[in-house]
Amino acid sequence: MKEWMKRNWQFVTTGISGILIIVGWLVGNEVGDFWTAVIFLSAFVIGGFEQAKEGIQATIKTKKLNVELLMILAATGASIIGYWFEGAILIFIFSVSGALETYTTNKSKREITKLMAFQPERAFLLLPNGDLKEIAAKDLQLDDMVLVRPGESVPIDGVIVRGSTTLNEAAINGESVPAMKSAGSEVFGGTVNVSSAITVKVTQTFDNTIFSKIIRLVETAQSEPSKTARFIERFEDAYVKAVLLFVLVMMFLPHFALGWSWNETFYRAMVLLTVASPCALVASVTPATLAAISNGARHGILFKGGVHLENLRGIKAIAFDKTGTLTNGTPVLTDRLFAENVDKQEIINMVVALERQSLHPLAAAITQDLDAEVTKNITEIEITDVPGWGVQADYKGEIWQVGKAGFVGTESAREFLSGAFEKLASEGKTVVYVAKSGVVLAMFALKDTCRPEAMRTIKALQAKGIKTIMVTGDNEQTGAAIQAELGMDQVVSGCLPEKKVDVIKELSVSYGSVAMVGDGINDAPALAHAAVGIAMGKGTDIAMETADVVLMKNDLEKIPYAFALSKRLYWISWQNICFAIAVILVLITANVFQLINLPFGVVGHEGSTILVILNGLRLLKSNQG
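Computed from a predicted structure; not experimentally measured. In every chain, residue numbers begin from 1 and rise along the written sequence. Owing to the predicted nature of the model, reporting of local features is limited to residues with pLDDT of at least 70; listing and counting of side-chain atom pairs is limited to 80 or more, with chain, interface and lining totals taken over all residues. Side-chain metrics in this entry use all non-hydrogen atoms of the structure; hydrogen atoms and water are not considered.

S.K.: Quick question: what am I supposed to make of a nonpolar patch on the surface here?
M.R.: Residues enter patches when they are more than 30% accessible in relative terms and free of salt bridges; like-charged ones are connected within 9 Å and nonpolar ones (Val, Leu, Ile, Met, Phe, Trp, Tyr) within 5 Å. Only the protein chains shown count as cover for residues, and all accessible areas are computed by the Shrake-Rupley method using a 1.4 Å probe. For salt bridges, the criterion is a side-chain nitrogen of Lys or Arg within 4 Å of an Asp or Glu carboxyl oxygen. A contiguous nonpolar patch, built from Leu 245, Phe 246, Leu 248, Val 249, Phe 252, Leu 253, Phe 256 and Trp 262 and spanning about 830 Å² of accessible area, is present on the exposed surface. Here a helix means four or more residues in a row that DSSP labels H or I, a strand means two or more in a row labelled E, and each is numbered from the N terminus. Put simply, the parts of the chain that give the nonpolar patch at least two residues each are helix H6 (227-250) and helix H7 (253-257). Ranked by residue count, the leading element in the nonpolar patch is H6, at four residues.

S.K.: How should I be thinking about the side chain of Gln 483 in this particular structure?
M.R.: Along the chain, the position of Gln 483 falls in helix H19 (residues 476-486). Once you skip the residues sitting within four places of it in the chain, Gln 483 turns out to touch Met 470, Met 488, Asp 489, Gln 490 and Val 491. We call two residues contacting when some pair of their heavy atoms lies within 4.5 Å.

S.K.: Looking at this structure, how should I read helix H24 (residues 598-616)?
M.R.: An α-helical turn contains 3.6 residues, so a residue and the one three or four places further along point in the same direction. One less than the residue count of a helix, multiplied by 1.5 Å, gives the span that helix is expected to have. With 19 residues, H24 should cover 27 Å at 1.5 Å per step; its first-to-last C-alpha distance of 27 Å lies within 8% of that length. Every buried residue of H24 is listed here: Leu 598, Gly 601, Val 602, His 605, Glu 606, Ser 608, Thr 609, Val 612, Ile 613, Asn 615 and Gly 616. Between a side-chain oxygen at the N-terminus of H24 and the backbone nitrogen of Phe 600 the separation is 3.1 Å; the capping residue is Asn 597. Here's how the labels work: a residue is buried when its accessible area is under 20% of the maximum for its type, exposed when over 50%, partly exposed in between, all with a 1.4 Å probe on protein chains only. Identification of polar contacts relies on pairs of N or O atoms within 3.5 Å, with a donor-acceptor requirement for protein atoms, meaning one able to donate a hydrogen and the other able to accept it, and with residues adjacent in sequence counted only if both atoms are side-chain atoms.

S.K.: It is not clear to me how the nonpolar core should be interpreted in this structure. Could you clarify?
M.R.: Nonpolar side chains in soluble globular proteins tend to be buried together. Put simply, buried Ala, Val, Leu, Ile, Met, Phe, Trp, Tyr and Cys residues joined by side-chain atoms within 4.5 Å make one nonpolar core. By size, the foremost hydrophobic cluster in this structure holds 40 residues, and its most contacted members are Val 243, Val 247 and Leu 273. Examining the composition of this core, we find that eight residues originate from one element, helix H8 (residues 262-275), more than from any other. In this structure Val 247 touches Ala 269, Met 270, Leu 272 and Leu 273, once residues within four positions along its chain are discounted. Of all hydrophobic cores here, the second largest spans 39 residues; its members include Ala 291, Phe 303, Leu 569 and Ile 572.

S.K.: What am I meant to see in the sheet that holds strand S20 (residues 514-518) here?
M.R.: The strands making up a sheet are joined through hydrogen bonds of the backbone, oriented either antiparallel or parallel. We treat two strands as partners when DSSP finds at least two bridges between them. As summarised here, the arrangement of the seven strands in space is S10-S22-S21-S20-S11-S18-S19, forming an open sheet in which the pairing is mixed. Edge positions in the sheet fall to strand S10 (301-303) and strand S19 (490-492), since each of these pairs with one other strand and no more. When strand polarity is set aside, the average angle formed by the axes of neighbouring strands in this sheet is 20 degrees. Across three bridges, the pairing between S10 and strand S22 (residues 549-551) is antiparallel. Within S22, the residue paired with Leu 302 across the bridge is Val 550. Axes here refer to lines fitted to C-alpha atoms; in helices the fit is confined to the stretch in contact. Angles between the N-to-C directions go from 0 to 180 degrees.

S.K.: Where do I start with helix H2 (residues 67-80) in this structure?
M.R.: Here H2 contains 14 residues, and its C-alpha end-to-end distance of 20 Å stays within 8% of the 20 Å for a straight helix at 1.5 Å per residue. The element H2 is largely enclosed, with a buried count of 10 among its 14 residues. What H2 keeps buried is the set Val 67, Glu 68, Leu 69, Leu 70, Met 71, Ala 74, Ala 75, Gly 77, Ala 78 and Ser 79. At the exit of H2 stands Gly 82, carrying a positive phi of roughly 95 degrees.

S.K.: Help me understand the sheet that holds strand S12 (residues 332-338), please; the structure alone is not making it clear to me.
M.R.: Taken together, the six strands give an open sheet; going across it, the order is S12-S17-S16-S15-S14-S13, and neighbouring strands pair in antiparallel fashion. On the outer flanks of this sheet lie S12 and strand S13 (383-386), each paired with one strand and no other. Ignoring which end each strand starts from, the neighbouring axes of this sheet average 15 degrees apart. Here S12 pairs with strand S17 (residues 439-447) via six bridges, running antiparallel. Bridging from a neighbouring strand, Asp 335 pairs with Ala 445 of S17. On the sheet, helix H13 (residues 344-355) packs against S12, S13, strand S14 (390-395), strand S15 (398-403), strand S16 (430-436) and S17 and is oriented at approximately 70 degrees with respect to S15.

S.K.: Even after reading the chapter, I still don't get the packing of H2 against H8, so can you show me in this structure?
M.R.: Between two packed helices, the angle of one axis relative to the other and the distance separating the axes together describe the packing. At a minimum axis distance of 9 Å, the contact between H2 and H8 shows a crossing angle of 155 degrees. With respect to each other, H2 and H8 are oriented roughly antiparallel. In this structure, H2 meets H8 at a crossing whose hand is left-handed. For the pair H2 and H8, contact is made by Leu 70, Met 71, Leu 73, Ala 74, Gly 77 and Ala 78 and by Phe 266, Met 270, Leu 273 and Thr 274, respectively. Under the convention adopted here, Pro, Cys and the residues Ala, Val, Leu, Ile, Met, Phe, Trp and Tyr are nonpolar, Asp, Glu, Lys and Arg are charged, and Gly plus all remaining residues are polar. Tallied by class, residues from the contact of H2 with H8 come to eight nonpolar, two polar and no charged. Roughly parallel refers to an angle under 35 degrees, roughly antiparallel to one over 145, roughly perpendicular to one between 65 and 115, and oblique to any angle outside these ranges. Handedness of a crossing follows from how the near helix is turned relative to the far one, being left-handed for an anticlockwise turn of less than a right angle and right-handed for a clockwise one.

S.K.: So what exactly am I meant to see when it comes to the pairing of S14 here?
M.R.: In summary, the side chains of a regular strand alternate between the two faces of the sheet. For S13 and S14, the ladder comprises four bridges, and the chain directions are antiparallel. Opposite Thr 384, over in S14, you have Gln 392 as the bridge partner. Between S13 and S14, which pair antiparallel one after the other, the connecting turn spans three residues, and Gly 388 there sits at a positive phi close to 85 degrees. The pairing of S14 with S15 spans six bridges and is classified as antiparallel.

S.K.: Just checking my understanding: could you explain the side chain of Thr 367 for this structure?
M.R.: The residue Thr 367 is located in helix H14 (residues 361-370) in this model. Residue class for Thr 367 comes out buried when judged on its relative accessible area of 13%. Apart from the residues within four sequence positions on either side, Thr 367 is in contact with Val 352, Glu 355 and Arg 356.

S.K.: It is not clear to me how the packing of aromatic side chains should be interpreted in this structure. Could you clarify?
M.R.: Aromatic ring pairs are described here by two measures, namely the spacing of the ring centres and the angle between the planes. Only Phe, Tyr and Trp rings are paired, with Trp represented by its six-membered ring, and only when their centres lie within 6.5 Å; those with planes under 30 degrees apart are stacked, over 60 edge-to-face, the remainder tilted. The final tally for this structure, using the stated rule, is four aromatic pairs. With 5.7 Å between their ring centres and 85 degrees between their planes, Phe 256 and Trp 262 make a pair best called edge-to-face. Phe 256 gets classed as exposed once you look at its relative accessible area, which sits at 62%. Classification of Trp 262 as partly exposed rests on a relative accessible area of 43%. Ring centres of Tyr 570 and Trp 571 lie 5.2 Å apart, and the angle between their planes is 80 degrees; this geometry places the pair in the edge-to-face category. On the accessibility criterion, Tyr 570 (28% relative accessible area) is partly exposed. One aromatic cluster is present, formed by Phe 252, Phe 256 and Trp 262 through successive ring pairs. Throughout this description, the term charge over a ring refers to an Arg CZ or Lys NZ atom that lies within 6 Å of the ring centre and within 35 degrees of the ring normal. Seen from the ring of Tyr 570, Arg 313 lies directly overhead, with NZ or CZ sitting 3.7 Å from the centre.

Bear in mind that shape data such as this cannot, by itself, settle questions of function.
Printed below as a string of structure tokens:
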């Protein structure tokens, strides 16, 4: 009951205000003017106190006028000329719309943040002697072992070291179908163990779990309004001042120019003060934006603020990093070619020794494939990693290099084995060369498979008129082969990490607003320079921190959905804005011609506020894009 009151106390006070108005209307003639005024004044205070407090505090803090003050002035003015009932009705309906707006805004925020309730608080630490110790999840350390039994939540991000099970990962990625997990599989805090007990080795501190990242992103999203919302906030102050000036003129001009009585003139000025208030206009965008952000969150798309969701609509082209974004990022070794009369075993031993110390996905693929064939572990070796090119080392007085053609010597690489490179590259394979003292000894070909959803995503974006560009460090032949496989509009090949920002700038000149999708550390600068940066949720921390939008499920097909959501937000926001302005103009005109009274003006004005809020809430519903 206490929690319910905390969430709904505005509705309670509004209800009490409404009851007092009904009582005053029913017994007003019997109890006299004094007690009638007391009843209606009580309705004023109970129903309008919160709105008045917010209005006054906001004015003091920002030194700007707002709609709450207009409503207070209108109700006070109506009471001064004896229209207690009408003034009370004004406060009541204004309180209803305020309570509804607070409720719907909080509902939108809860839609985004409700997954925080899944964040585990306790964990069962597995001690070296086999005993279990219950501790706070936040106290877990790296490499701790925790036991997760069926029905329990995984307390923290880690890797399964014993057992297999199915996990419900809906809290993280929105996927309702449980995922099979076995030894070596990654697991995330907040997911639910469905079938069997597992032992998990902790790989992240509590502050760096996926859940913690989501919470930080949500907090950012809730505090950053869209451009349209910011414009309306700036517009509100000027508009309120204009209304007050217009009301001041209406309090005198009709009496002298049209012969209205002073009572009628003042009454019409109060009606004007009511109907000209921009309540509906102010509520046109923010609830709709929060609803759209929460919609995206339910589908695994986290926007770091309404401005980024709004910006998506204007994107004309989208650039994709290749490895780990369009492809699975786990290439496999498909071909190995050696020069004549070379020691193949020596080459394999040396390549593994160098590539073991590299973090590049190609190096990991080569090491995984060749590791079993190593006959001599070369450990006393220091390598130099040249980002974007390869690795090299000085071993026994000779320089060994593993990397791109331009790294080992472009001309000799291209001539190696009579142009074998051309055939491999035309098949979409990436070629890595091995050179010793400037002489190419071998070449290894690897191929990274495309994500199954990548082609569908590209087609969906192109259907919306958005150009798709792949940005890759691969050579032109490999880039062209993958471009053809995916059906993309353009490919930028041979792009080193430090050149990606320049590519984004050039594409912006050609197309206008350009978005960037990436997952790695080397994508972070480009994500920051793009009009909208989109990071894959399983990418690096820096990419997620830099990006404007995060795909928590790593699902590229959510990108067209995000674009469709942005367009829906735009149209619904402008529907609300146009409707709010139209209602204000109609009511002002009707008041000038004495066609409406104060209660009708209140109902028309506050009714429009409620309608735009409800219209914005349509964005909580899924769309097919």
